[in-house]
Protein chains: 2
Amino acid sequence: MATASEQGPLGPRAAQRGRPRDVSRDEALRQAALEVMAEVGYRALTMDAVATRAKAGKATIYRRWESKLDLVIDTTNHLASQRLPEPDTGSVAGDLTEFLTGFARFLTGPVGKAAQALVGELPHEPELAEAFRATFLAQQDAVLERILDRGRRRGEVRPDAPVRMVVEVAGGALVRRLMLTGQPLDETFVNGLVRGVLLPLLT
Amino acid sequence: MATASEQGPLGPRAAQRGRPRDVSRDEALRQAALEVMAEVGYRALTMDAVATRAKAGKATIYRRWESKLDLVIDTTNHLASQRLPEPDTGSVAGDLTEFLTGFARFLTGPVGKAAQALVGELPHEPELAEAFRATFLAQQDAVLERILDRGRRRGEVRPDAPVRMVVEVAGGALVRRLMLTGQPLDETFVNGLVRGVLLPLLT
């Protein structure tokens with residue numbers, strides 16, 4: 001196993017080559033991986049298909065990522081490094097509505113489709129599950145928790161509000177529509193969730 | 001496409017053969033399909049693996065189901081014909097706690113694992129998505145709606161309670177733990193969900 005000192009900041013293989021990696025190239029390859037996964041799922045994704053989509057050679061991919069799993073984990077990690085927009089409107093109602101509307105829009109694109117494709121794999125790929133939880137899920141939860149925390153400091157959120165449970169049900173309601181029922185993740189839904197469920201539990 | 005009159009009650013091929021099907025044999029094959037799907041996922045499931053698991057010949061399976069998709073859709077439909085336990089304790093708190101505890105236990109077994117394996121396929125298999133939604137999901141929602149309806153008739157549930165949203169967040173919270181975070185679906189969680197979220201929204 002590679003130690004931390006052998007690893008570049010972006011992955012274990014970066015430091016092994018003599019010249020700096022082309023970061024924008026990596027980004028294009030990750031984007032291609034995301035798109036291919038959104039279209040065909042994790043199992044059917046191949047390094048060939050990712051290379052073709054990114055107009056790159058297969059060797060370029062393998063120089064950077066050892067395996068499909070390695071590429072998908074890095075793509076998942078990287079997604080979470082692109083900060084989600086974090087509104088600070090001055091009210092919990094405004095922050096929740098703006099964040100969840102934006103997040104719902106984000107999920108209806110390739111990221112949501114790729115996430116859905118990954119879900120069935122999580123029980124079979126512990127490393128992937130760990131990355132998915134530690135980055136993709138943890139990031140959403142952290143934004144929601146900061147929104148609720150600011151609300152508590154402003155006195156909008158009751159001190160005994162079930163904050164952790166509110167974070168879970170907000171995420172759960174979105175994911176159920178996205179991945180299970182296929183019902184629209186639109187503004188009407190987000191407004192109903194915020195006004196009908198989240199605010200009554202918090203304030 | 002077969003018309004309704006050409007179809008037996010349990011599937012399109014049943015009426016095409018001259019002798020009655022062995023229903024317990026079908027059930028064993030569906031159970032085998034569920035277990036194989038829970039273990040390896042939908043993509044990796046093969047008719048061979050299902051036959052081996054059920055100690056049946058491959059021809060036996062193909063006489064009954066035309067394809068893997070046909071078998072999995074029928075298994076999904078059949079799951080929903082096994083009624084979920086529907087408690088009638090006399091209170092919404094009791095009914096919700098008992099139903100969700102039992103349902104959480106049900107989901108932590110092979111059914112939940114098979115459902116998780118299917119989720120990534122739903123965007124690619126519209127017929128499967130339709131079956132999954134019309135049976136597996138609709139059944140849970142129907143039980144929850146009847147529980148809330150009885151509560152409303154008893155005067156426990158406010159007339160303006162966001163009943164439909166409560167059904168969505170209850171299901172969403174369970175599915176997020178089951179499929180995404182991997183956190184336990186235990187009594188502590190169900191009690192927190194019922195007391196901290198569902199009852200305050202309803203009563």
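Residues numbered from 1 in each chain as written. Chains lettered and ligands numbered in written order. Predicted model: local features only at pLDDT ≥ 70, side-chain atom pairs only at ≥ 80, totals over all residues. Heavy atoms only, no water.

Student: Would you mind going over the overall build of chain A in detail, with residue names and values included?
Tutor: Helices and strands together make up the secondary structure of chain A, namely nine helices and zero strands. Secondary structure elements in chain A, listed N-terminal to C-terminal, are α-α-α-α-α-α-α-α-α. Looking at the 203 residues of chain A, the share that counts as buried comes to 52%. Within chain A, counting contacts between residues at least 6 apart in sequence, those at least 24 apart form 67% of the total. Entry remark: accessible area of chain A is about 9,100 Å², with carbon and sulfur atoms responsible for 54%. (Helix = DSSP H or I, 4+ residues; strand = E, 2+ residues; numbered from the N terminus. Buried < 20%, exposed > 50% of the residue type's maximum accessible area, 1.4 Å probe, protein only. Contact = heavy atoms within 4.5 Å. Areas by Shrake-Rupley, 256 points an atom, 1.4 Å probe, with all protein chains shown as cover.)

Student: Tell me about the UniProt feature "DNA-binding region" (unreviewed entry) in chain A, and name the residues and values.
Tutor: The UniProt entry lists residues 46–65 of chain A under the feature "DNA-binding region" (unreviewed entry), expressed in the numbering used here. A helix fraction of 70% and a strand fraction of 0% characterise residues 46–65 of chain A, whose end C-alpha atoms lie 13 Å from each other. (UniProt positions renumbered as here; feature names shortened; annotations may be inferred.)

Student: Explain the interface of chain B and chain A to me, using residue names and the numbers behind them.
Tutor: Across the boundary between the two partners, chain B contributes 41 residues, which contact 41 residues of chain A. Surface buried jointly by chain B and chain A totals about 3,200 Å² across both partners, of which 62% is contributed by carbon and sulfur atoms. Of all residues in chain B, B:Glu168, B:Arg176 and B:Leu180 give up the largest surface area on contact with chain A, accounting jointly for 23% of the area buried on that side. In this structure, A:Asp141 engages B:Arg176 in a salt bridge whose closest nitrogen and oxygen atoms are separated by 2.7 Å. Counting across the chain B and chain A interface gives 14 residue pairs in polar contact (both at pLDDT 80 or more). Elements that contribute at least two residues to the side of chain B that touches chain A include exactly helix H1 (23–40), helix H6 (110–119), helix H7 (126–153), helix H8 (163–181) and helix H9 (187–202) of chain B. Per element, the largest residue contribution to the side of chain B that touches chain A is 13 residues, and it comes from H8(B). The residue makeup of the side of chain B that touches chain A, split by class, is 21 nonpolar, 12 polar and eight charged. (Buried area = accessible area lost by both parts, 1.4 Å probe. Salt bridge = Lys/Arg side-chain N within 4 Å of Asp/Glu carboxyl O. Polar contact = N/O pair within 3.5 Å; in protein donor to acceptor, adjacent residues only side chain to side chain. Nonpolar A, V, L, I, M, F, W, Y, C, P; charged D, E, K, R; others polar.)

Student: Could you give an account of the environment of A:Leu96, with specific residues and numbers?
Tutor: Note on placement: A:Leu96 falls in helix H5 (residues 92–107). Taking the C-alpha atoms as reference, A:Leu96 lies 8.9 Å from A:Val190; in sequence the two are 94 residues apart.

Student: How would you explain the relation of the copies chain B and chain A if you had to name every residue and give the values?
Tutor: Each of the two chain copies can be brought onto the other by rotation about an axis and movement along it. When chain B is fitted onto chain A, the two copies agree to an RMSD of 0.0 Å after a turn of 180° and an axial shift of 0.0 Å. Taken together, the rotation and translation describe the operation of a two-fold axis. The rotation axis passes nearest to the C-alpha of B:Gly172 in chain B, at a distance of 2.0 Å. The share of interface residues of chain B whose copies in chain A are also at the interface is 100%, consistent with both copies meeting through the same surface. (Least-squares fit on C-alpha atoms with pLDDT ≥ 70 in both.)

Student: Help me get a handle on the packing of aromatic side chains, residues and values and all.
Tutor: Enumeration over the complete set of coordinates arrives at six aromatic pairs over all chains. Aromatic side chains B:Phe99 and B:Phe103 sit 5.6 Å apart centroid to centroid with 10° between the ring planes, which places their arrangement in the stacked category. Residue B:Phe99 and its partner B:Phe103 are both found in helix H5 (residues 92–107); the two are separated by four residues, about one turn of the helix. Of the two residues, B:Phe99 and B:Phe103, both sit in the buried class. Connected via pairs of aromatic rings, a cluster forms that spans A:Phe99, A:Phe103 and A:Phe106. The positively charged end of A:Lys68 is found above the aromatic ring belonging to A:Tyr42, 4.7 Å away from the centroid. (Phe/Tyr/Trp six-rings, centres within 6.5 Å; stacked < 30°, edge-to-face > 60°. Lys NZ or Arg CZ within 6 Å of the ring centre and 35° of its normal.)

Student: How would you explain the pattern of salt bridges if you had to name every residue and give the values?
Tutor: Scanning the model with the defined rule gives 40 salt bridges over all chains in all. Here A:Arg64 ties to A:Asp74 by a salt bridge, and the two come within 3.4 Å at their closest N and O atoms. Here the residue A:Arg64 occupies a position in helix H3 (residues 58–64), and A:Asp74 occupies one in helix H4 (residues 68–81), the gap between them amounting to 10 residues. Among the salt bridges present, the one from B:Arg146 reaches B:Glu86, with a minimum N-O distance of 2.7 Å.

Student: If you had to explain the confidence of the model for chain A to someone new, which residues and values would you point to?
Tutor: Residue and element names in this part refer to chain A. Per-residue confidence for chain A gives a mean pLDDT of 87, with 90% of residues at or over 70. When the elements of chain A are averaged for pLDDT, H4 gives the smallest value, 87, and helix H9 (residues 187–202) the largest, 96. Of the regions scoring below 50 in pLDDT, residues 1–17 engages in 20 contacts with residues more than four places distant in sequence or in other chains. (pLDDT = per-residue confidence, 0-100.)

Student: Describe unusual backbone geometry, naming the residues involved and giving the relevant values.
Tutor: All names here are of chain A. Of note in this structure, Lys55 is not a glycine but carries a positive phi near 50°. Looking at the secondary structure, you find Lys55 in the loop between helix H2 (47–53) and H3. Here Lys55 falls in the exposed class, since its relative accessible area comes to 77%.

Student: Mind laying out the packing of H6(B) against H7(B), listing which residues take part and the relevant values?
Tutor: Residue and element names in this part refer to chain B. H7 packs onto H6 with a crossing angle of 145° between their chain directions and a minimal axis gap of 12 Å. As for how H6 packs across H7, the hand of that crossing is left-handed. Packed against H6, whose contacting residues are Val111, Ala115 and Leu118, the element H7 presents Leu128, Phe132 and Phe136 at the interface. Among the residues making up the contact of H6 with H7, the classes are represented as six nonpolar, no polar and no charged. (Axes fitted to C-alpha atoms, helices over the stretch in contact; angles between N-to-C directions. Left-handed = near helix turned anticlockwise from the far one by under 90°.)

Student: Help me get a handle on the side chain of A:His78, residues and values and all.
Tutor: Residue and element names in this part refer to chain A. Mapping His78 onto the fold places it in helix H4. At 3.4 Å, the side chain of His78 forms a polar contact with the side chain of Arg30. Leaving out residues up to four positions away in the same chain, His78 has contacts with Glu27 and Arg30.

Student: Can you explain the environment of B:Thr101? Please cite residues and give values.
Tutor: Residue and element names in this part refer to chain B. Turning to its location among the elements, Thr101 is positioned in helix H5. When its relative accessible area of 13% is taken as the criterion, Thr101 is described as buried. As a C-alpha pair, Thr101 and Asn191 span 90 residues in sequence and 8.5 Å in three-dimensional space. Non-local contacts of Thr101, meaning those with residues more than four positions away in its chain, are made with Glu187 and Val190.

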